[in-house]
Structure formats: C-alpha cells, structure tokens
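Structural features, examined
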Amino acid sequence: MANSKIQSFTRFLLVALLGGLIAACSGGERETDRAAAEGILLFGNGTEPKGLDPHLVTGVPENHIISSLIEGLIAYHPTDDLIPAPGVAESWESNDDYTVWTFKLRDDAVWTNGDPVAAGDFAYSWQRILTPILGSEYAPMLYVIKGAQSFHAGDTEDFSTVGVRAIDEKTLEVTLEGPTPYFPNMLKHYSFFPVNPRAVEEHGGMTDRQSGWSTVENFVGNGPFKLKSWVTNQMIEVERNTDYWDNETTKLNGIRFFPIENPSTEETMYRSGRLHLTSTVPQDKIPSLQESVPDQLRIEPYLGSYFYRVNVTRAPFDNPKVRQALAVSFDKQLLVDKVTKGGQAPATGFVPAGIPGYDVSTKVQYDPELGKKLLAEAGFPNGEGFPTSEILINTSEGHRKIAEAMQAMWKENLNIDVGIYNQEWKVYLDSQSSLDYDLSRSGWIGDYVHPTTFLELFTSGNGNNDTGWTNPQYDALISQAQLAQTEEARINALQDAEEILLTDLPVLPIYWYTRVYMKDTQLRGWEPKVLDNHPYKYVYFETN
Amino acid sequence: MLKFVAGRLLQGILVLLAIYAVTFFLVAATPGSPFSSERAIRPEILAQIEAFYGYDKPVFERFMTSLGNALSGEFGPSAVYANRSVTDIIAESFPVSLKLGALSLLLAMALGIPAGIIAAVKRNTWLDYVPMSAAMVGICLPTFVMGPMLALVFGIILKLLPVAGWFGPEFWILPAATLGLVYAAYFARLTRGGMLEMLNQDWVRTARAKGVKETTIIWRHCLKGGLMPAVTFLGPALAGIISGSFVVETIFQVPGLGQWFVRGALNRDDFLILGLTVLFATLIVIMNLLVDIVQVALNPRLKYE
C-alpha cells in the first residue's frame, strides 16, 4: 500500500514536470485551432444531459446533442426559423384547410443499424411518446394530432383512433385536430423525432422509461452524426455519419459536447482555447467582454419571455387594478440596462418579438403616475394599507438581482413593501403549481415560432397556467385561433387574446430573452436563430 | 486488537444504519419531488411515473424496500438520469474522487509535514516564519479563490496547464494542487506544533546532554510523537477533501462524486442522495477506524480498548 502510494506520488511528480515541459514546448497551440483543422467543433453545453431519448428529455443541452443524432420529418433551415427544410421527408403537402398532411419519405434515409427509415417508424414513435405509461413530459406537443390527447389521457388504448397512418413504407398521413398551417415547423421539435423500433424493442420495449436503447453502446439514430463516446460529466462526442442521406452537405467531422455547469469555468476554458462555443457567459462579465472581444461575444434574440406570474386567487392581487399598477410601475429599460446587461428587450407584451407576421404588443409601458393612480383606485392611496407580499424566486443570483430591482422600484413608485424569498428549483416548481405564492418569477421559451406556443399557456385548465386566472373570452379566442381557416384570422384572434391577457395581467411582462454566448471567429454557418437551433450539417470552420 | 476492530466495525454498522434511516426520512419529508417539472405533467401521467419508481407506496414500506436493496448493494435507478443506476454513477465517479483525493492528500502531506518539521527545528528563523505565514494564507484562502487564481496563472497567462476537464495526468495537477494546498497548510501547522512539543521534552534535553546527534534526536526520537497531531487529522482531512471537493470539482470540471452529491440534492434525486450519503458515511467510519489503529501503533501510551 505504502509502496504503491509512493510510486503513484513519484509518478505524479514526474507527470507534473513532464506535462509542464510538454505544454511549454508545444508553443501553446490552441486546442481550438487543432480541432478546427480536424473539423471538430468544441461546444460548451451547459449541464450533463439527463438522457438522449427524444421522448423523455426536456432540456436545452439534451436538444443540442439529440439534434445532431436524430432527424425528424422536417429539419431546421440554416438561417430562417420559419422555413421548413426537408429532413426524412423529401416532400409534403396538405389538403386545402391544413388538417390532413401527407409526407413522402426519402428512399435513402437509413438508421445507423442499417434499417431504412420507414413511415411506420414515425407511427411507432408517436405512439410511444403518447403512451401514458411512458410518462413523457412533452407528449402534449402532439395534441395537435387528431385523437392524440384522448389516447394520451388513457381514454382509449386503441392507437388507430389517433390521426397517424403509414399508408405504405414511405408515405405517412397525419390528420390534425384543426387547421394548422405551421404544422411542418412544429415537426422540427424533438418530441416528433423518430426512434428506431427494433432498437427500442430490443432494450425493454416501447414503454420502458429505463430502456437502454439510448446509451452509448446501443444508440441508433438517423442524423448527420452518430454517437461515439459519452463520459459522464466530461464529454459527449459524436462523429460524422457517412450513411446519412445528406452527408455531402455535412462539413464537420465531429462535435465534442462539454457539460460545463459553471459559467466561469466555461469562460476560462473558452479563453484558454478549449471551446469554440459557450452555452452562456457570466452575467457580470458581459460589459468587459463587450469591450475586449466584441467580435466573439454574441448577443442574439431568443424566443423567450421573462415575467412574473401573479396569483390572482389571493388578495390584493385578485384586483386587476393592483396587477395593472404593478405592471406599469417598474422601469424595464433601466432593468435590462443596469441589471441583466445582456441586451434583453424590455417586454411591453407577453409574446416576444421575432415572430414574423405577428405584431408585438406595446400595451404595457412604464408609467409610474398611472401606477399610483390605479393603486389609489384599488384602495391603496400612496401604498397605504397594502399588505406585505413576496416575490418567489428559484435560488439564483441573477433572479435575486432582478427581484431586488423590482422591489426597489415598486417601493419608490408605489410605496409598497415587497419581500423576496427563494426556494430550490423543485420546491419552487411545487409552490408555483399549487398556487402557494404571491408573485412568482417565471420564464417561457417557445417550442416553435408561433404565438400559440406562448398564448395557449393561460387558457383555463392548462397545466402551465399556474396563476389561477381564467377568462372565458380568452379561452374562446384561443380555440377560435386553433380552428381558424386562414392564418390572418388566426393571428387576429391571437392578438385579441393577448390584448385580454395584457388588460387582466395575470402576468407581469419583464423582458424578452437574448442568448448571450462566446463564439470562435473561425466558426462559420452558425447564424442567429430565435429558437437557438443551428443545424450542424451547415456549420464549418474557415480553415477547412 | 481483533476484538477492538470487530467492536468498532459493529459500531460503524449501527452508525450507518442510523444515518441511512435519518437520511431517508429527511429526504422523504423534504418538499418538492424528483418529478416536479417546469412543464406541467398531467396527474394521471405523474401517477404512472411515480408508480414506476415505487413512490406510490407508503413511506415506511418504501423505506424497508430501499433498505433491503441497499443491503444487497443496489441503491436503485436514478430518478432523474435515464438508464443510470446509482451504483453506475458511483462506480463511474468514485474512482475519480478517490484519485483526486489521494493526490491532494499526498501533496498536502509531502509539502506540509517537511515544512512543519523544518519550522519546528529552525524555530524563530526565516525557515519558520516564511512557511508558517504562507500556511496561514493557505488556510485562509478558500478553494474558490485559490482555484480560479491557479487557473488564471497557469492556464491563461502561462498557458502551461489545462484549466478544466479530466482527460489525462496534466489535467490532474491544478485541481489536486488547489485542494492539496489548503490541507498542506494545516499539516504544516499541526506538525510544527507536534514537533515543538516533543523537542521541549525533558528526555530530549537529556539526550542532547549525552551528546546524541541532533539528526538522531529528530528522526529517531521526536518524529514519531511529533506526527501524532497530523495523523489524527488524517481522518477529518480525508472526509473534508472528499466532501469539500465539490467546489474544486465544479471549478475544474472534474467528474467526481461531489458534483453528483450537490446535483442529486438539487434534483431531489432521492436514491442518489441516499447512495452517496451512505458511501460518504462508510468512508468516514473506515477512515476513523484506520486512524485509530495507526494512532495506537505510533503511540505506546494508547492501547486497543
């Protein structure tokens, strides 16, 4: 024992010396340059993925990896979020009212286990995600399909009641609940991704949550890359899939995803030349990075809304005037300039900017005088008698800073006292969904580029409403939008619905997200995208 | 001695059982659940997931099942990470933590103990003042300051060492140094104190009067006793290095246990929390037992009782 300890210690010293020498002699060639020459992307990816099964995961880091490994019917366009690019489907068409869609699958799409990608694989996959016993959190994305909701709710066990039909090996027909012209864009989301039935059946079957098909040994995909290695908390590596139908377009030879949770560590790694891309940037460093490396710091719009939920079942927040007073009495511009500093846009409405064809609402503007007046009308002149209330946040320095700014501005403008209390993430989620809060810090990122992904949240009975607010007129407008025959009528109904939301204000819009990250100057084909999806097959380095 | 070891082992098992029970019920009583999600899950779906992991049973029944599994060495699946059992996670990350811990501890002893001896022998000279002041600074500087500082100097400015990751020996140096330096400081101060106590004993004066060489006095007569405080500190040091490595693991992206421990708690990944708690507790129990044995071996005034 002692001997081996001494040995390992001498070895350590030797290695330390050698390591130092080698590093000193190698002249500091950066890992990023070496990797770029080999066509390998080094990608800071936030956290360790919880899994790689597209039907069971919900997070952004998981999405980054899965979208390199699996391809859905429709793929992401390299520059425009609204254009559906051909994926496994080489063509698609709908009937006149966009309720029945037919997808023609390409002949050369194959799985990494050699199976051709067939229409039946999609039917199998969608049945899998909708099976209640699998417990998929993203299954409601598929409710757009006829009968999907009642199948998922367990009302029937007969999947033929759901509007998915493989007409033949290469033709898939999907019948929807209502007219949905943007259905192809929804299909880009990983909840619609296929899984290989043979692989799933071999490792526990369709409904096994702990099925081992998506581990590194067993993974079967059909995307531009295939899974090469997965070292927990270190690195996931994918390499070029030469059998991919569009391998000619793919330029990278591989991607290494590094799960780095600590933004400072990630930044240090980037600066020491070990990453081409980071997932984020430490908030405090944004101003200094803006000065020192403006060509590498990226600040891009992101389709997300940061807001406070208001518990409308509690006094005094049951009074719309109180909610309106709160909503207009903090200076969003000041908040994004001085506190968040990441180029966020002050939110004057709930649906964020960046959705073509949808006019951003400008209804909620900073107006402290109006705030005072409304609060007085609600029975609290100059804040007198306003009960002490609290902002619930999940534990995070960033959320706390914002809450403190809100607290100070409400005190100054309305003379009311609002406290802040933080809870751990899981506890906070429980408090929010059981309406055990006054005001609760919230955020929502769009799943697809359409206002529906934001506005359907606040319909009565929506599981994510979490405010206690219901409005029959609002519900009617949302379902009117769902059934609208034209996109114009749909957008109009949604704008009217948002108007109601912003009049009643069960939510206080604060800002619209941006994505702030570092990007190596050699990287090309990585364009700003509001959903932060960058199809990897178009990404390359200037050197190769 | 056998009787002593057997007795202590039995005690250890009781301690572990108690820790297991307390952890289990504390975790069960904590609000939040591993299945809470930002996206609402329909109640009937949630019920399916809960049933899958056995959460639909009464707490006491769950405790008995979980204890039974734990006794057979199986802590169950992670409730958050797909396809991974707690045993897998431990098997993957424990060797990393052990390596990091061993390297840091060796570094700490290799630096701290000689520095302490020299400081005691050359008391009140610069050989005493300089290392002891450095040790004071080392004790006061937390790892979350030391780590980024070392990364900045050796990684970014000098470009000598990688700043994060665990891909090979050159990656081990900065985290082991960060963790080791703090403990080196403790070892230095403890050894100095222990040695000084020995050097001031009457029999040392007698030995000197008899003309015994100074080196013999230090090496043969004082060292054994002088190291006692440092040896006693080994147990807590190892526990501290393993449980306190979370910060270092985060700064340097080391895939060890510490990260899982914190993540397990944040995710409310009950099985993982239990598994890791039991592991840490076992380590501490074993380390304390070993330290006791070594202490008796070094100190003839102690007996196995």
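Refer to the structure above for everything that follows.
Residues numbered from 1 in each chain as written. Chains lettered and ligands numbered in written order. Predicted model: local features only at pLDDT ≥ 70, side-chain atom pairs only at ≥ 80, totals over all residues.

**A few points about the overall build of chain B**
Within chain B one finds 13 helices and zero strands. Along its sequence from the N terminus, chain B presents helices and strands in the succession α-α-α-α-α-α-α-α-α-α-α-α-α. Considered along the principal axes of its C-alpha atoms, chain B spans approximately 85 × 55 × 30 Å. When burial is assessed residue by residue, chain B has 39% of its 305 residues classed as buried. Within chain B, contacts between residues at least 6 apart in sequence are counted, and of these 75% link residues at least 24 apart. (Helix = DSSP H or I, 4+ residues; strand = E, 2+ residues; numbered from the N terminus. Buried ≥ 20, exposed ≤ 12 C-beta atoms within 10 Å, placed from the backbone. Contact = placed C-beta atoms within 7 Å.)

**Some words on the interface of chain A and chain B**
At the interface, 49 residues of chain A touch 47 residues of chain B. For the side of chain A that touches chain B, the elements supplying multiple residues, two or more each, are helix H1 (2-25), helix H8 (263-271) and helix H14 (425-433) of chain A. Ranked by residues supplied to the side of chain A that touches chain B, first place goes to H1 of chain A with nine residues. For the side of chain A that touches chain B, the class distribution of residues is 16 nonpolar, 22 polar and 11 charged. (Nonpolar A, V, L, I, M, F, W, Y, C, P; charged D, E, K, R; others polar.)

**Observations regarding the pairing of strand E15 (residues 439-445) of chain A**
Residues and elements named next belong to chain A. Summarising burial for E15: five of the seven residues are buried, a large majority. Where strand E11 (residues 297-310) meets E15, seven bridges bridge the pair, whose relative direction is antiparallel. Its bridge partner lying in E15, Phe307 is registered against Ser442. Relative to E15, strand E13 (residues 389-394) runs parallel, the two sharing two bridges. Along E15, the bridge assignment pairs Leu392 with Ser440. (Pairing = 2+ DSSP bridges.)

**Examining the environment of Ala123 of chain A**
All names here are of chain A. Along the chain, Ala123 falls in helix H4 (residues 119-130). Assessed through the 21 C-beta atoms surrounding it within 10 Å, Ala123 is described here as buried. Ala123 sits 37 residues away from Ser160 along the chain, and the two C-alpha atoms are 10.0 Å apart. Excluding its chain neighbours within four sequence positions, the residues that come into contact with Ala123 are Val164 and Ala166.

**Some details on the sheet that holds strand E1 (residues 40-44) of chain A**
Residues and elements named next belong to chain A. Read across the sheet, four strands follow the order E1-E10-E9-E8 without closing on themselves; strand pairing throughout is mixed. The open sheet has two edge strands with one neighbour each: E1 and strand E8 (225-231). Adjacent strand axes in the sheet meet at a mean angle of 20°, parallel and antiparallel pairs treated alike. Summarising the sheet, E8 and strand E9 (residues 235-240) pair through six bridges and their orientation is antiparallel. Directly across from Phe225, in E9, lies its bridge partner Arg240. (Axes fitted to C-alpha atoms, helices over the stretch in contact; angles between N-to-C directions.)

**Details of the packing of helix H11 (residues 245-252) of chain B against helix H12 (residues 257-267) of chain B**
Residues and elements named next belong to chain B. Closest axis-to-axis distance for the H11/H12 pair is 7 Å, and the angle between their directions is 100°. In terms of their interaxial angle, H11 and H12 are classed as roughly perpendicular. Of H12, the residues touching H11 (which contributes Ser245, Phe246, Glu249 and Thr250) are Gly258, Gln259, Phe261 and Val262. Split by residue class, the contact of H11 with H12 holds three nonpolar, four polar and one charged. (Parallel < 35°, antiparallel > 145°, perpendicular 65-115°, else oblique.)

**Side note on the environment of His276 of chain A**
Residue and element names in this part refer to chain A. When you line up the elements, His276 lands in the loop between H8 and helix H9 (286-292). Note: C-alpha distance between His276 and Leu523 (247 residues apart in sequence) is 7.5 Å. Setting aside anything within four residues of it in sequence, one finds His276 in contact with Thr32, Leu41, Leu42, Phe43, Asp520 and Leu523.

**Examining the environment of Leu494 of chain A**
On the secondary structure map, Leu494 of chain A appears in helix H17 (residues 487-504). As a C-alpha pair, Leu494 of chain A and Glu384 of chain A span 110 residues in sequence and 38 Å in three-dimensional space.

**Things to note about the sheet that holds strand E16 (residues 507-518) of chain A**
Strands belonging to one sheet form pairs held by backbone hydrogen bonds; the direction of such a pair is parallel or antiparallel. Residues and elements named next belong to chain A. The sheet built from six strands is open, its strands ordered E12-E16-E11-E15-E13-E14 with mixed pairing. Two strands lie at the open edges of the sheet, namely strand E12 (345-346) and strand E14 (418-423), each paired on one side alone. Pairing analysis gives 10 bridges linking E11 to E16, with the strands arranged antiparallel. Counterpart to Tyr308 in the pairing with E16 is Leu508. Sheet strands touched by helix H11 (residues 332-340): E12 and E16. Its angle to E16, the strand with the most contacts, is close to 35°.

**Observations concerning helix H3 (residues 60-69) of chain A**
Residue and element names in this part refer to chain A. Within H3, eight of the 10 residues are buried, which leaves it mostly tucked inside the rest of the structure. Of the positions making up H3, those classed as buried are Pro61, Glu62, His64, Ile65, Ile66, Ser67, Ser68 and Leu69. Looking at the buried side of H3, the elements it contacts are E8, E9 and strand E10 (254-258).

**Comments concerning unusual backbone geometry**
Residue and element names in this part refer to chain A. Looking along the chain, the bond that leaves Ala315 and enters Pro316 is cis, with omega of 0°. Looking at the secondary structure, you find Pro316 in the loop between E11 and helix H10 (320-328). For Leu435, which is not glycine, the phi dihedral falls at a positive 55°. If you trace the backbone, Leu435 turns up in the loop between H14 and E15. Residue Leu435 is classed as partly exposed on the basis of its 16 C-beta neighbours within 10 Å. Here the phi dihedral of Asp532 falls at roughly 60°; this positive angle occurs in a residue that is not glycine.

**Topic: the pairing of E14 of chain A**
Residue and element names in this part refer to chain A. By the bridge criterion, six bridges tie E13 to E14 in an arrangement that is parallel. Bridge pairing links Glu390 to Gly419 in E14. As for the winding sense of the linkage, the β-α-β connection from E13 through helix H13 (residues 397-414) to E14 is right-handed. (Right-handed = clockwise from strand over helix to strand, strands pointing away.)

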